[in-house]
Amino acid sequence: AEQGDKLDGQAVFFWIDAFVVRKASGLHPKEWWADQFMAVIQSIGNTILILEPWSDPLPLQRSWCLWELLCTARTGARLYFALKPSSFQE
């Protein structure tokens, strides 16, 4: 995890799965990924969905991103949405 700026006096960390997890490596069966990823999302407690492009967000077209959203919902983690400022003008 990377440490970012402070938010409300608390340190902010972020983890980008694409840089940390090689899902297609074949090192673990899919059941292992399912359990481990669910636990990680629950532990982190937050998920940010980047809606880009606003008109047809790419994350909603990727099965792994949909899995992350399901994990977020099942674990009760908070879900945040992020847009680039120009999205509001599109």
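Look a little higher up for the structure.
A brief report on the enclosed structure follows.

Scoring rules and cut-offs
- Residues numbered from 1 in each chain as written.
- Predicted model: local features only at pLDDT ≥ 70, side-chain atom pairs only at ≥ 80, totals over all residues.
- Heavy atoms only, no water.
- Helix = DSSP H or I, 4+ residues; strand = E, 2+ residues; numbered from the N terminus.
- Buried < 20%, exposed > 50% of the residue type's maximum accessible area, 1.4 Å probe, protein only.
- Contact = heavy atoms within 4.5 Å.
- Core = buried A, V, L, I, M, F, W, Y, C linked by side-chain atoms within 4.5 Å.
- Pairing = 2+ DSSP bridges.
- Right-handed = clockwise from strand over helix to strand, strands pointing away.
- Expected span 1.5 Å × (residues − 1).
- Arc of directions from axis to C-beta.

**Observations regarding the overall build of the protein chain**
And then number 1: Looking only at helices and strands, the protein chain features three helices and four strands.
And then number 2: Taken from N to C terminus, the helices and strands of the protein chain fall in the order β-β-α-α-β-α-β.
And then number 3: Considering the protein chain as a whole, with its 90 residues, one finds that 22% of them fall into the buried category.
And then number 4: Counting only contacts in the protein chain whose residues sit at least 6 apart along the sequence, the fraction spanning at least 24 positions is 55%.

**Things to note about the nonpolar core**
And then number 1: In this structure, Phe37, Met38, Ile41, Cys71 and Ala77 together form the largest nonpolar core, which totals five residues.
And then number 2: When residues of this core are assigned to their parent elements, the largest contribution, three residues, is made by helix α2 (residues 30-44).
And then number 3: Those residues in contact with Met38 that sit more than four places away from it in its chain are Trp67, Cys71, Arg74 and Thr75.

**Side note on the environment of Ser55**
And then number 1: Tracing the backbone shows Ser55 in the loop between β3 (46-50) and α3 (63-75).
And then number 2: By relative accessible area, Ser55 is classed as exposed at 66%.

**Details of the pairing of strand β4 (residues 78-82)**
And then number 1: Alignment of β3 against β4, held across five bridges, turns out to be parallel. Note on β4: the bridge partner recorded for Ile50 is Ala82.
And then number 2: A crossover connection joins β3 to the parallel β4 through α3; in handedness this β-α-β unit is right-handed.

**Side note on unusual backbone geometry**
And then number 1: In this structure, Pro53 follows Glu52 across a cis peptide bond, with omega equal to -10°.
And then number 2: One can find Pro53 in the loop between β3 and α3.

**Considering α3**
And then number 1: When the terminal C-alpha atoms of α3 are compared, their 18 Å separation across 13 residues agrees well with the 18 Å that a helix rising 1.5 Å per residue should span.
And then number 2: By the burial criterion, the buried members of α3 are Cys65, Glu68, Leu69, Cys71, Thr72 and Thr75. All buried residues of α3 lie within an arc of 155° about the axis, which places them on one face of the element. Opposite the packed face of α3, turned more than 90 degrees from it, sit the exposed residues Ser63, Ala73 and Arg74.
And then number 3: One or two positions beyond α3, positive phi appears at Gly76, with a value near 80°.

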